[in-house]
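Listed below, chain by chain, are the residues.
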Amino acid sequence: MTTRPPSAFARSSALSANSPASRLSPAVTPEVLVAIDHVDFFYGATQALNDICLQVEAKRVTAFIGPSGCGKSTLLRCLNRMNDLIEGTRLSRGTIKIHGVDIYQRDVDVIELRKRVGMVFQKSNPFPKSIYENITYGLLLHGRHEKKHLDEIVERSLRGAALWDEVKDRLHTSGLGLSGGQQQRLCIARAIAVEPEVILMDEPCSALDPVATAKVEELIQDLRSRYTIIIVTHNMQQAARCSDRTAFFYLGKLVEYADTRDIFTNPTNPQTEAYVSGRFG
Amino acid sequence: MNPATHLFQAKVSGARRHEKWVFALFRFATYFVLFCGLGVFLNIVAKGSRTVFKAEAPFVNIAFLTQAPESLYLFEWEGQKREMGDREFRAFKAAHPAAAQVPTESYVYSAGGIFPCIVGTVLLVLGSMVIALSLGVSAAIFLIEYADDGPFIRFVRLAILNLAGVPSIVFGLFGFGMFVIFFGWNVSLLAGWFTLAFMVLPVVITASEESLKAVPKGFREGSLALGATKWQTIRKNVLPYALPGILTSSVLGIARVAGETAPIMFTAAYVVRDKLPWEVDHWSDFFFQGVMALPYHIYVVSSKIPQNEYTERVQYGTAFVFLIIVALIATLSIVLRNNLRDRYKW
Ligand SMILES: Nc1ncnc2c1ncn2[C@@H]1O[C@H](COP(=O)(O)OP(=O)(O)O)[C@@H](O)[C@H]1O
Ligand SMILES: [Mg+2]
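In short, a report on the structure.

Reading the values: the criteria
- Residues numbered from 1 in each chain as written.
- Chains lettered and ligands numbered in written order.
- Predicted model: local features only at pLDDT ≥ 70, side-chain atom pairs only at ≥ 80, totals over all residues.
- Heavy atoms only, no water.
- Helix = DSSP H or I, 4+ residues; strand = E, 2+ residues; numbered from the N terminus.
- Buried < 20%, exposed > 50% of the residue type's maximum accessible area, 1.4 Å probe, protein only.
- Contact = heavy atoms within 4.5 Å.
- Areas by Shrake-Rupley, 256 points an atom, 1.4 Å probe, with all protein chains shown as cover.
- Pairing = 2+ DSSP bridges.
- Core = buried A, V, L, I, M, F, W, Y, C linked by side-chain atoms within 4.5 Å.
- 1 Å grid on protein atoms, 1.4 Å probe; cavity = no way out; pocket = protein on both sides within 12 Å on 5 of 7 lines; lining within 4 Å.
- Points joined across faces, edges and corners; volume = space filled by probe spheres on them.
- Nonpolar A, V, L, I, M, F, W, Y, C, P; charged D, E, K, R; others polar.
- Buried area = accessible area lost by both parts, 1.4 Å probe.
- Salt bridge = Lys/Arg side-chain N within 4 Å of Asp/Glu carboxyl O.
- Polar contact = N/O pair within 3.5 Å; in protein donor to acceptor, adjacent residues only side chain to side chain.
- Phe/Tyr/Trp six-rings, centres within 6.5 Å; stacked < 30°, edge-to-face > 60°.
- Patch = residues over 30% accessible without salt bridge, like charges linked within 9 Å, V, L, I, M, F, W, Y side chains within 5 Å.
- Lys, Arg positive; Asp, Glu negative; His and termini not counted.
- Charge placed at Lys NZ, Arg CZ, Asp CG, Glu CD.

**What to know about the overall build of chain A**
Secondary structure summary: chain A contains 11 helices and 10 strands in total. Evaluated residue by residue, chain A yields a buried proportion of 55% over its 281 residues. In chain A, of all internal contacts separated by at least 6 residues, the share reaching a separation of at least 24 is 68%. Surface exposure of chain A reaches about 12300 Å², of which carbon and sulfur atoms provide 50%.

What follows is the structure in structure tokens.
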């Protein structure tokens, strides 16, 4: 039971839900949007992910936590195949399915995938263009040109990112003139302008001050009803505050994945317990 | 020896004295360079402006800038020394038949102006700029954005770097063999464009590579993550930011190369040509005609004809105009860069 046709990312011929690839996979429960199944991932000869199995539920906030270098970003970047850009990387085993479609199979169009799976980076990266052009960038790529329509989406996206009131009088000034927190929210607005289903956030607040962080967290709460959000964070409180589910990684392995409340109050794994209580990491 | 009166009392030490001498030497070297540069520059400006400017209105020697070179005729007429260009002298003889019998001295290229040379140089610069930029930027994009960094690409880079060290006369010969003879383009604008373009390519490619590399990775990733193709990313979110750097270095490189005589000597330059480049029968002939050019004209009037005070006027006038044109191109490229930079700042 998928909300969209499973051929969502298929490059050419429609891929039916009963294709061999999806029949082999474990049963997909209706609310699971991203199914990661026994994934191994390598940078050249170094293994960064080891046998990851994890199911991300739709319209929920899922947090990835764990000490530096444990593979959180790597896993996140597997979900929109940004790792394809790095030479010598490969997903050597396992599958990642979105809406039941294996996004690493041959006929997947990464362009289509990335439209559906947006990303916000650790270091905010507004383009050196006007605020307006930052938002319309993705729309123009996908061939939407009517001015009225664009205006509408710019407003909607900026409102969606809780930035509209702050920038509505300076839409045509450079996005780089904004403060750090505003820049990060601009990047979120840019991501939601193309109406993705999933938004990946890689430590979106790590460069922000507490006030800006609070605003972004608030924004994540607003967005959770419409998008499936996966957020990598270093900040335990942040995971506790914003997320519904939390996955704890350690040395490239998924140690524990459960409801956020359980992870923080009642972890089953001693490593998780040690990490969330601040004893290492 | 005085005892130190306080903790930081200045002392005369060997190291201090040594330092003074070394910096004095550096200072001298700097001033020497400045002196030589100014010497060359002022010499040309002083001598050249005598040709290019005039004391009476309109203060600029219009004829020098707008006419073709002519022979200069010197003769005595009714007790006065007269100097006339070729055409003027013929008109004069028509009006005064007796003048035909007067003994005259003639000096080639010493009257008239250098208009065809200006036109030729501008055409050479523009054409080679277009070719060098399109080839060079494309190659740089391929090298930086698409090619995997294998041994082949390293070899290509090495080849490009070595190309930069090839003497200009060798480029001239290459252009002659390749474009003039092998492609059968004869001595023509097209052959000159390609020869100059090839010569400046290393500069353009290196400058473009550097400028592309300077564009932060975040811009590329941000664009790709929005579902842009690699090419869309490059065209909309990398190239515009790299362009100021590419243009400045490239245009300066081209302006410098366009000043070379050797590469156009066998490929594009005529000693003299009566017709202006746009006076062609068919538009395609435009590309297959040779042109006069400022550096080559300087070469011709300084070494191919007998030297005297009259040719000196042309030499320095031409050099002066040439300097001004090169300066104009450089200024233009910097203005262009600043405009682009203001639009895409990061
Ligand atoms: N581009 C890369 N090339 C090689 N190794 C990498 C690269 N990026 C990350 N790694 C390695 O993969 C492991 C996981 O990194 P990462 O996913 O960035 O960790 P995290 O985001 O959890 O801090 C680390 O050991 C890191 O050294
Ligand atoms: Mg990381």
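**Considerations on the pairing of strand 3 (residues 61–65) of chain A**
Within a regular strand, the side chains alternate between the two sheet faces. All names here are of chain A. Most of strand 3 is tucked away, with 5 of its 5 residues classed as buried. Of the two faces of strand 3, the one lined by V61, A63 and I65 and the one lined by T62 and F64 are each fully buried. Across 4 bridges, strand 3 lies against strand 8 (residues 228–232) in parallel orientation. What sits directly across from F64, in strand 8, is V232. Pairing of strand 3 with strand 9 (residues 245–250) involves 4 bridges; the strand directions are parallel. Counterpart to I65 in the pairing with strand 9 is F248.

**Considerations on the sheet that holds strand 1 (residues 32–43) of chain A**
Residues and elements named next belong to chain A. Read from one edge to the other, the open sheet built from 4 strands follows the order 2-1-4-5, with strand pairing classed as antiparallel. Single-partner strands in this sheet number two, and they are strand 2 (46–57) and strand 5 (101–102). Pairing of strand 1 with strand 2 involves 8 bridges; the strand directions are antiparallel. Pairing of V39 across the sheet is with I52, part of strand 2.

**Considering the nonpolar core**
Counting residues in each nonpolar core, the largest one holds 73 residues, and the members touching the most others are I114, L124, L133, L212, I264, L294 and V321 of chain B. Looking at this core, the elements that each hand over two or more residues are helix 4 (131–141) of chain A together with helix 1 (14–52), helix 4 (115–146), helix 6 (168–182), helix 7 (189–214), helix 10 (239–258), helix 12 (294–303) and helix 13 (309–343) of chain B. Considering every element that reaches this core, the biggest residue donor is helix 4 of chain B, with 13 residues. When neighbours within four sequence positions are excluded, V321 of chain B is seen to be in contact with V52, F64, L65, I114 and I118 of chain B. Grouped together as the second largest cluster of nonpolar side chains are 44 residues, A191, I229, A239 and C242 of chain A included.

**A word on empty space enclosed by the protein**
Summed over all chains, the structure comprises 2 cavities of 30 Å³ or more. Volume-wise, the second largest cavity comes out at about 30 Å³. Looking at the lining of the second largest cavity, the elements that each hand over two or more residues are helix 7 (180–193) of chain A together with helix 8 (217–225) of chain B. Sort the elements by how many residues they give to the lining of the second largest cavity and helix 7 of chain A lands first, with 3 residues. Looking at the lining of the second largest cavity residue by residue, the class counts come to 6 nonpolar, 1 polar and 1 charged.

**A word on the interface of chain B and chain A**
Tallying the contact residues gives 22 residues for chain B and 26 residues for chain A. Counting each side, the surface lost to burial between chain B and chain A is near 1800 Å², with a carbon and sulfur contribution of 62%. Broken down residue by residue, the surface that chain B buries against chain A is led by E221, A225 and L226 of chain B, which jointly contribute 34%. Linking chain B with chain A are 1 salt bridge. Residue R77 of chain A pairs with E221 of chain B through a salt bridge whose shortest N-O separation is 3.2 Å. Here chain B and chain A share 6 residue pairs in polar contact (both at pLDDT 80 or more) between them. At the level of secondary structure, the elements contributing two or more residues to the side of chain B that touches chain A comprise helix 8 and helix 9 (230–237) of chain B. The element that contributes the greatest number of residues to the side of chain B that touches chain A is helix 8 of chain B, accounting for 7 residues.

**Topic: the packing of aromatic side chains**
Residue and element names in this part refer to chain B. Across all of its chains, the model carries 28 aromatic pairs over all chains by this definition. For the pair Y73 and F89, a centre-to-centre distance of 4.8 Å together with 20° between the ring planes defines the contact as stacked. Of this pair, Y73 sits in strand 1 (residues 69–77) while F89 sits in helix 3 (residues 86–95), and the two are 16 residues apart along the sequence. The interplanar angle of 40° and the centroid separation of 4.9 Å between the aromatic rings of F75 and F89 together place this pair among those described as tilted.

**A short note on a positive patch on the surface**
Taken together, the side chains of K11, R16, R17 and K20 of chain B present a region of like positive charge at the surface. Tracing the backbone shows R16 of chain B in helix 1.

**Focus: unusual backbone geometry**
Positive phi outside glycine occurs at D51 of chain A, with the angle close to 50°. At F59 of chain B, a residue that is not glycine, the phi angle is positive and equals roughly 70°. Mapped onto the fold, F59 of chain B is located in the loop between helix 1 and helix 2 (62–66).

Read these as geometric descriptors, not functional statements.
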